[in-house]
Amino acid sequence: MFDISFSELMVIAFIALVVIGPEKLPKVARTAGAFFGRLQRFVSQVKDEVNREARFAELQTLQQEVQSSMHQGYTEIEQSILPTTPAADEVVADPVKVKKPRKPRQRKTHSVVEQSSEAESISTKQSIAKPGDPQAELFAAAPITEQKKPRRPRKTVKREDVVDSASEQKPLA
């Protein structure tokens with residue numbers, strides 16, 4: 001970087017010794033070394049950042065070139081496969097298939113009493129609901145009361161039984 005010979009360094013050190021003095025020279029040398037180290041780190045960081053930006057710019061141009069070449073390849077393939085202008089006789093309208101909406105499942109009821117009360121409630125709700133309103137039809141068809149099967153009780157062991165059986169065990173001899 002700089003062309004400084006050993007003799008020039010000795011002259012600078014001698015002048016610093018005379019000007020600063022032997023007591024403060026080590027502290028000044030430490031401070032100058034720390035400053036010089038910070039300066040070198042800053043310069044290396046700037047160089048790294050510039051190199052990183054240059055590589056990023058190169059990668060962006062390379063990416064654009066690859067995308068443009070792929071786009072050209074796709075257009076060439078499309079032109080070779082697809083005819084450029086279809087004749088009027090060849091144009092056929094494809095029928096568009098539309099899915100029919102599914103009807104929601106209705107729960108089955110088992111008792112005759114529930115079915116009759118359900119039929120009465122549905123007829124009253126349908127008279128209130130607007131015709132053609134799918135949400136109203138959904139709620140009108142829903143049963144008002146649902147009876148669930150009773151759950152079986154769990155088989156549980158009481159803590160007292162566990163404690164009693166543990167105390168009844170015979171000690172190992």
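Residues numbered from 1 in each chain as written. Predicted model: local features only at pLDDT ≥ 70, side-chain atom pairs only at ≥ 80, totals over all residues. Heavy atoms only, no water.

Before going further, it helps to spend a moment on the overall build of the protein. Of the regular secondary structure elements, the protein holds five helices and zero strands. Secondary structure elements of the protein, listed N to C terminal, follow the sequence α-α-α-α-α. As displayed, the protein offers around 17900 Å² of accessible surface, 60% of which is attributable to carbon and sulfur atoms. (Helix = DSSP H or I, 4+ residues; strand = E, 2+ residues; numbered from the N terminus. Areas by Shrake-Rupley, 256 points an atom, 1.4 Å probe, with all protein chains shown as cover.)

A low pLDDT means the predicted coordinates there should not be read in detail. Summarising the model, the protein shows a mean pLDDT of 75, and 58% of its residues fall at 70 or more. Element-level pLDDT for the protein is lowest in helix H3 (residues 112–128), with a mean of 51, against a maximum mean of 94 in helix H2 (residues 25–81). (pLDDT = per-residue confidence, 0-100.)

Another point: a nonpolar patch on the surface. Together, Leu59, Leu62, Val66, Met70, Tyr74, Ile77, Ile81 and Leu82 make up a nonpolar patch on the protein surface, roughly 820 Å² of accessible area in all. With respect to the helices, strands and loops of the structure, Val66 is situated in helix H2. Taking the relative accessible area as the measure of exposure, Val66 reaches 39% and is therefore partly exposed. (Patch = residues over 30% accessible without salt bridge, like charges linked within 9 Å, V, L, I, M, F, W, Y side chains within 5 Å. Salt bridge = Lys/Arg side-chain N within 4 Å of Asp/Glu carboxyl O. Buried < 20%, exposed > 50% of the residue type's maximum accessible area, 1.4 Å probe, protein only.)

In this section: helix H1 (residues 6–20). Structurally, the α-helix is built with 3.6 residues per turn, so residues lying three or four positions apart point the same way. Taking 1.5 Å of rise per residue, 15 residues should cover 21 Å, and H1 covers 21 Å from first to last C-alpha, within 8% of that figure. Just downstream of H1, Gly21 is the residue with a positive phi angle, here 105°. (Expected span 1.5 Å × (residues − 1).)

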